[in-house]
Structure formats: C-alpha cells, structure tokens
Amino acid sequence: MRLAAFPLILALSLSDCTAVRQQLGLALISEETELDLGRKLAAQVEKQEKPLADQRVQAYVRQVVAPIAQQSLQDRPGVEYKVTVIDDPKQVNAFAIPGGFIYVYSGLIKAAQNEAELAGVLAHELGHVVGRHSANQMAAQYGIELLTQLALGEEAGQLGEMAASLAGAGALARFSRDDEREADEYGFNYLAACGYDPRGLLTFFTKLDQLEKSRPSDLEHLFASHPPTPERIERIEKMITKAGVSGGKLEKDKFLRETASLRK
Ligand code: ZN
C-alpha cells in the first residue's frame, strides 16, 4: 500500500501545491482584509517614497503590465493591479504589497535593456500577488489580529513601520525560496503567454547576479527582496528548455524610446 501511494504523491503537480497554499492564505486573511490593508499600505508607501512625476513612463509601465495582469486572472481572479514607478535611480528593485499594488523603481527600469526584461520582473511580482505571498508573510510576521486591526483603520501608527520594511533602502521583507520559485513559475508562464521571449527574465536576473558580484557603489539595493541567485537562474533556464519556447518579442526599441527620460 505504501509503495503504491508513493508515485501518487510524486504525481501531485505544482499547481496543486500552489492551490493549497493559496487556500491556506485565504483561510488566514480574507480577500477584503487583504485589499483594505493593501490600500492603507499603498498610501503609506506613496508618502514615504516619491512616485515618478513623468506620466509617460508611468503610462508605459501600466500598458506593459495590462496583458500580464489579464493572464494572471486565470490563477487568481478579481485582483485589480495598480503599478506605480518610484523615482529612485539607485534602487534596482520592485516589490508587491497585498491587494495587487506593485511598485517598480526607476533604477530597475534603467538597468533593463528591453521590454521583455521589464515585463519579466512585473510578471514575477504579479506571481507574488497570485500566490498571496505578501499577505501570508505579513500574517506570519505580525499576526492576523494586528493585520485585521490595520485593515479596519486601527493601530495606524504601525503602518509606517510596515511600509518602511517593504520599500526603500531599509527594506527587510524577503520572500521564502518557495515563494520565489512559485513567483518565477507564474512569471515565466505569463511572460510566454504574452508572446515575450521568456529569456527576458533570464537575462535580467543574470545581469543582476553579475552586478551584485561587482557591487557598483551607485547601486544601493539590488533586487534585495528577491535575490537572483544562481539557483534561480538555473531553474529558469530549465523552464525555458522544458517549455521548448524559442524566441518571442523583446521590444527593445520601443522600451528605449518610452523610457528615454530616465537615461538623461
Ligand atoms: Zn520575488
């Protein structure tokens, strides 16, 4: 009997595990609480960090995320994504907070060389929202009771501290390796489904890994909340091989044109 059960366990696909994790998260924090908390944290993040004034770049990034968001609704319906570029050329980072609020630093956009790389990072962040990683992580860190109070507008003093732990040079929040794996897998799928060359994710992470080794002094924070480890790079390479995806759009010219103001 035991022997017979073993292949069954092995046969459980990733999506089953993911669904279980998503359900567990949902049991801890309701969608409504997550969204209320997300809205309050977003207001705090936007007070502490400086949203980029250039509306052309903001609109461009929103336009890039729209089809990716559409893809992600298959895995987690009902989320309304809001992406904001933060003005900080020294931060090569992006992060997601509960409820579908995504932030990307201008330094990350400057470090990317084409739209496929930017789309890859955004798809990865959406993967964290689909997996409810921030909400689950915050529940583990702060407890459900405090998060519920915050969502209701109580204990507002804590919000500043929480937002600071998510954003900026002092960011402490790190996802687990399982969360990173899951976000990479969602991200990879969305990127490919949108017709991008999924190597965008690979080339960007490889570049960050190299940048990290050379540690340029003008970069303070290199994708700190999700470090691009060699293990992750290798896994993405395997995903590309397994999916048999060859090519796809990079949109280099469009990307450089739409984000030119950041390179001046
Ligand atoms: Zn991540």
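Rules used throughout
- Residues numbered from 1 in each chain as written.
- Predicted model: local features only at pLDDT ≥ 70, side-chain atom pairs only at ≥ 80, totals over all residues.
- Heavy atoms only, no water.
- Helix = DSSP H or I, 4+ residues; strand = E, 2+ residues; numbered from the N terminus.
- Buried < 20%, exposed > 50% of the residue type's maximum accessible area, 1.4 Å probe, protein only.
- Contact = heavy atoms within 4.5 Å.
- Core = buried A, V, L, I, M, F, W, Y, C linked by side-chain atoms within 4.5 Å.
- Polar contact = N/O pair within 3.5 Å; in protein donor to acceptor, adjacent residues only side chain to side chain.
- Phe/Tyr/Trp six-rings, centres within 6.5 Å; stacked < 30°, edge-to-face > 60°.
- 1 Å grid on protein atoms, 1.4 Å probe; cavity = no way out; pocket = protein on both sides within 12 Å on 5 of 7 lines; lining within 4 Å.
- Points joined across faces, edges and corners; volume = space filled by probe spheres on them.
- Nonpolar A, V, L, I, M, F, W, Y, C, P; charged D, E, K, R; others polar.
- Arc of directions from axis to C-beta.

> Can you tell me about the side chain of glutamate 115, naming the residues and giving the values?
Turning to its location among the elements, glutamate 115 is positioned in helix H6 (residues 115-130). Given the relative accessible area of 1%, glutamate 115 is considered buried. For glutamate 115, the residues in contact, after removing those within four places along its chain, are Tyr60, Val64, Tyr196, Leu250, Glu251, Lys254 and Phe255.

> Please provide a residue-by-residue account of the nonpolar core, values included.
Val61, Ile68, Val104, Ile109, Leu118, Leu122 and Phe204 are the most contacted members of the largest nonpolar core, which totals 47 residues. If you tally residues by element for this core, the top one is H6, at nine residues. Isoleucine 68 has contacts with Ala119, Leu122, Ala123, Leu126, Tyr190 and Cys194, leaving out every residue within four places of it along the chain. Core analysis: the next-biggest nonpolar cluster, separate from the first, contains 24 residues, Ala151, Leu159, Ala163 and Ala167 among them.

> Explain helix H7 (residues 133-142) to me, using residue names and the numbers behind them.
With seven of its ten residues buried, H7 lies for the most part within the structure. Turning to H7, its buried residues are His133, Ser134, Ala135, Gln137, Met138, Ala139 and Tyr142. Looking one or two places after H7, you find glycine 143, whose phi comes out positive at around 90°.

> Got a sec to walk through the side chain of glutamate 34? Specific residues and values, please.
Residue placement: glutamate 34 occurs in helix H3 (residues 31-48). In this structure the side chain of glutamate 34 is engaged in a polar contact, spanning 2.9 Å, whose partner is the side chain of arginine 132. In contact with glutamate 34, other than residues within four places in its own chain, are Ile29, Arg76, Pro98, Gly99, Arg132 and Ala135.

> Lay out the packing of aromatic side chains with the relevant residues and their values.
The final tally for this structure, using the stated rule, is four aromatic pairs. For the pair tyrosine 60 and phenylalanine 255, a centre-to-centre distance of 6.4 Å together with 55° between the ring planes defines the contact as tilted. With a gap of 195 residues between them, tyrosine 60 in helix H4 (residues 55-72) and phenylalanine 255 in helix H13 (residues 252-258) connect regions that are remote in the sequence. Judged by relative accessible area, tyrosine 60 falls into the buried class, the value being 1%. The exposure class of phenylalanine 255 is buried, given its relative accessible area of 0%. Here the aromatic rings of phenylalanine 95 and tyrosine 103 are separated by 5.2 Å at their centres, their planes lie at 25°, and the arrangement is stacked. Here the two residues phenylalanine 95 and tyrosine 103 agree in accessibility, since each one is buried.

> Which residues make up the layout of surface pockets, and what values go with them?
Estimates place the volume of the second largest pocket at around 220 Å³. Taken together, Glu31, Glu34, Leu35, Arg39, Arg76, Gly78, Val79, Glu80, Tyr81, Lys82, Gly99 and Phe101 form the lining of the second largest pocket. Among the elements that take part in the lining of the second largest pocket, H3 stands out by supplying four residues, more than any other. Residues of the lining of the second largest pocket, tallied by class, amount to four nonpolar, two polar and six charged.

> Let's hear about helix H8 (residues 144-151): which residues, and what values?
What H8 keeps buried is the set Leu146, Leu147, Leu150 and Ala151. The buried residues of H8 all sit within an arc of 135° when viewed along its axis, so they share a single face. On its buried side, H8 packs onto H3, H7 and helix H9 (157-166).

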